[in-house]
Amino acid sequence: MAQMYFSTLDYVIFALLLVLSSGIGLFYAFTGGRQRTTQEFLLADRSMSCLPLALSLLATFQSAVAILGVPAEIYTYGTQYWFLGISYILGLLIPAHIFIPIFYRLRLTSTYQYLELRFNKTARILGTITFIFQMVIYTGVVLYAPALALNAVTGLDLWGSVLAIGLVCTVYTALGGLKAVIWTDVFQTVVMFAGQLAVIVVGTLRVGGMEQVWSIAQEGGRISGFDFNPDPFERHTFWTLSFGGIFVMLALYGVNQAQVQRYLSARSEREAIISCYVVFPCQQIVLALGCLVGLVMYAYYKEDNPLANGYVKTTDQMVLYFVMDILKDLPGLPGLFVACLFSGALSTISSAFNSLATVTMEDLIKPYFTAMTESRATLLSKGLAVAYGIICLAMAYIASQMGSVLQAALSIFGMVGGPLLGIFCLGIFFPCANSTGAITGLVSGLVMAFWIGIGSFVSRSSPPLIPVNATVLPDVGNMTTAAMTTLIAAAKTKARTTGLKRFYSLSYMWYSAHNSATVVIVGLIVSFITGPMKPKDVNPRTIFPVLSSLLFFLPERYRDKLCFRVPLDKR
């Protein structure tokens, strides 16, 4: 494979990203309250305004994996993926007007505190452990994967970049707390925009203008129209992206601790809700930038595919190869894009460290050590952030030894998002659901998720083998299902499958909806069998009784029996 190299200026720009990110952490470590309380360290003293919150939500959403994956997806399959932007509408409106008000008014620190308030402590612990498992696996892989691609294309030292990112991230997260994480996210968002814009502008000029880019892409069949095929087994259609994507977004922006923690750090409920509205146009811009990079890359190479010609070995290396190819005569710009790439990694990983420290402290330690002083709890929270940083580096090493199993490890993150969404939906929308139903539903959802996910991976890995390179990691929500696409290595034209193999070919965009629905259905069945919750036993602050309105046609006695009418707390 052809290898390109960085100039001194590229290294300087990359180093500046690390230095400035660390500087922000140090600034918040020694100013303000100096991170002396868990409230300040974990929730930024609930003092954040909507703009930095929105940019932080966006940065967490935009991972390094996505920066590499979306353009390669567009290059390979065309612009059909762009329709994912439609799902952002309901994917943000529902969290803004249902999830955020409930979580904010309950004054939570950990999302999983809700599960204890609504169900019981067992549900809370199970939810927390599931989340920790999900994030620990993900953080190591999301750090290692882009570093591996960078090493393959540019020769940049693999473990040098992994250690640099991991350690810098650990330092500013442990010292500066959530406030440092949010403000570094803001800085890193700007870097991400700048890096992608630089590639689009230079690439477009090299091709001959945006009109020429569009014309070449159209001739090559890369401009997709509306595909209204309702088949859920088709990888990408209008319905899978615009409707299946809603559940992907809900799993991320509705109940994921990393995102919910940002809402809870807002100075008011109104600011938290506005941050959802502000992030919407930003997401559309990010999606558009990723798609445009893919179109420019296609127009530049046309049918002269770098992968087919052996210039790169995998599709996740294509974007970096393209960047180095068009920017090689412009010192500093390759470094800017790499800074953009690792800004995505930093924002994702720092959010993971902070959220992991929060749920471990609030759900697994504080309830059992009630006499712990505030200063000791804060110190322990910082220690947890450091510990998870070390675990992340260890997971990156394990990822390097996994080989093809790396794809399965990545997919675990996406598989767990749906069931966690399901248990929260069960609690919020169905007052009749009880704790037995919730726990059984979550376990059933996880079993279903791993069954489909691993079954899909194994069936696609068995002969006849379709190259994994057929798909890469598009941005379907940084921390919910971005990695899931490694399971969907289907070619555009595929043989008709039957039985279990047909079941395993379900589009990955429906995974979240399918798995969350499994939790809700099993949870409701078990709740009715074991005896539904009585209205007087349900905390009205933990529910959003929409079913009472939707099922208005049922006789009153049935609605009362099903506990669809819990008296609302006026708050």
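The chain carries the name SC5A6 protein in an unreviewed UniProt entry, which gives Polyodon spathula as its organism. In UniProt, the chain has this text filed under Catalytic activity (unreviewed entry): "iodide(out) + 2 Na(+)(out) = iodide(in) + 2 Na(+)(in)". Heading Sequence similarities (unreviewed entry) of the UniProt record for the chain holds this comment: "Belongs to the sodium:solute symporter (SSF) (TC 2.A.21) family."

1. Focus on the overall build of the chain
Each helix and strand counted, the chain has 21 helices and 0 strands in total. The burial tally for the chain puts 61% of its 571 residues in the buried class. Accessible surface, the chain as shown: approximately 20,500 Å² in total, 67% of it carbon and sulfur.

2. Remarks on the packing of helix H12 (residues 269-301) against helix H13 (residues 318-327)
In helix packing, the relevant descriptors are the interaxial angle and the interaxial distance, both defined with respect to the helix axes. Between H12 and H13, the shortest axis-to-axis distance is 11 Å and the interhelical angle comes to 65°. It follows that H12 is roughly perpendicular to H13 by the angle criterion. In this structure, H12 crosses over H13, and the sense of that crossing is left-handed. In this structure, H12 uses Val293, Val296, Met297, Tyr300 and Tyr301 to contact H13, whose residues at the interface are Met318, Val319, Tyr321, Phe322, Asp325 and Ile326. The class makeup of the residues in the contact of H12 with H13 is 10 nonpolar, no polar and 1 charged.

3. A look at the side chain of lysine 179
One can find lysine 179 in helix H8 (residues 158-207). Notably, lysine 179 is buried but unbridged: the nearest opposite-charge side chain belongs to glutamate 40, and the N-O separation is 5.0 Å.

4. A look at the confidence of the model for the chain
The share of residues in the chain with pLDDT of 70 or more is 86%, and the mean pLDDT across the chain is 84. Mean pLDDT per element in the chain: helix H21 (residues 556-561) is the minimum at 65, and helix H6 (residues 113-118) is the maximum at 95. Here residues 464-495 is modelled with pLDDT under 50, and outside its nearest four sequence neighbours on either side it reaches 118 contacts, counting other chains as well.

5. As for helix H5 (residues 87-105)
Helix length check: H5, at 19 residues, gives a terminal C-alpha distance of 27 Å against a target of 27 Å (1.5 Å per residue), a fit within 8%. A maximum bend of about 40° is found in H5 at alanine 96. Note on H5: the residue one or two positions beyond its end, arginine 107, has a positive phi of about 55°.

6. Some remarks on the packing of aromatic side chains
In total, this model carries 25 aromatic pairs according to the counting rule given. Ring centres of phenylalanine 226 and phenylalanine 238 lie 5.7 Å apart, and the angle between their planes is 55°; this geometry places the pair in the tilted category. Linking phenylalanine 226 in the loop between helix H9 (210-219) and helix H10 (238-254) with phenylalanine 238 in helix H10, this pair joins segments that are 12 residues apart in sequence. Exposure remark for phenylalanine 226: the relative accessible area of 54% places this residue in the exposed category. Within the aromatic cluster, the residues linked to one another by ring pairs are Phe99, Phe103, Tyr112, Tyr114, Phe131, Phe424 and Phe429. Lying across the ring of tyrosine 368, lysine 121 places its NZ or CZ 5.3 Å from the centre.

7. Things to note about the pattern of salt bridges
This structure, assessed with the given rule, holds 9 salt bridges. Residues glutamate 269 and arginine 105 are paired through a salt bridge, measuring 2.9 Å at the closest nitrogen-oxygen approach. Taken together, the positions of glutamate 269 in helix H12 and arginine 105 in helix H5 put the pair 164 residues apart, joining distant regions of the chain. Note that aspartate 325 is salt-bridged to lysine 328, the shortest N-O span being 3.3 Å. Given a relative accessible area of 53%, lysine 328 falls into the exposed group. Via salt bridges that share partners, Glu116, Arg124 and Asp363 belong to a single interconnected network.

8. Topic: the packing of H8 against helix H15 (residues 374-400)
With their axes 9 Å apart at the nearest point, H8 and H15 run at an angle of 165° to one another. By the criterion of interaxial angle, the relationship of H8 to H15 is roughly antiparallel. Our pair here, H8 against H15, has a crossing hand that is right-handed. Every residue of H15 that contacts H8 at Trp159, Val162, Leu163, Gly166, Leu167, Thr170, Thr173 and Ala174 is listed here: Lys382, Ala385, Val386, Gly389, Leu393, Ala396, Tyr397 and Ser400. Class assignment for the residues of the contact of H8 with H15 results in 10 nonpolar, 5 polar and 1 charged.

9. Section: unusual backbone geometry
The phi dihedral of alanine 44 falls on the positive side, at around 55°, and the residue is not glycine. Turning to its location among the elements, alanine 44 is positioned in the loop between helix H2 (38-43) and helix H3 (50-61). Phi is positive for aspartate 45, close to 60°, though the residue is something other than glycine.

10. Considering the environment of leucine 289
With respect to the element layout, leucine 289 can be found in helix H12. The spacing of leucine 289 and glutamine 196 is 93 residues in sequence and 6.7 Å in space, taken between C-alpha atoms. Aside from chain neighbours lying at most four places away, what touches leucine 289 is Phe193, Gln196, Leu197 and Ile200.

Calculation criteria
Residues numbered from 1 in each chain as written. Predicted model: local features only at pLDDT ≥ 70, side-chain atom pairs only at ≥ 80, totals over all residues. Heavy atoms only, no water. UniProt positions renumbered as here; feature names shortened; annotations may be inferred. Helix = DSSP H or I, 4+ residues; strand = E, 2+ residues; numbered from the N terminus. Buried < 20%, exposed > 50% of the residue type's maximum accessible area, 1.4 Å probe, protein only. Areas by Shrake-Rupley, 256 points an atom, 1.4 Å probe, with all protein chains shown as cover. Axes fitted to C-alpha atoms, helices over the stretch in contact; angles between N-to-C directions. Parallel < 35°, antiparallel > 145°, perpendicular 65-115°, else oblique. Left-handed = near helix turned anticlockwise from the far one by under 90°. Contact = heavy atoms within 4.5 Å. Nonpolar A, V, L, I, M, F, W, Y, C, P; charged D, E, K, R; others polar. Lys, Arg positive; Asp, Glu negative; His and termini not counted. Salt bridge = Lys/Arg side-chain N within 4 Å of Asp/Glu carboxyl O. pLDDT = per-residue confidence, 0-100. Expected span 1.5 Å × (residues − 1). Bend = angle between axes of the 7 residues up to and from the residue. Phe/Tyr/Trp six-rings, centres within 6.5 Å; stacked < 30°, edge-to-face > 60°. Lys NZ or Arg CZ within 6 Å of the ring centre and 35° of its normal.

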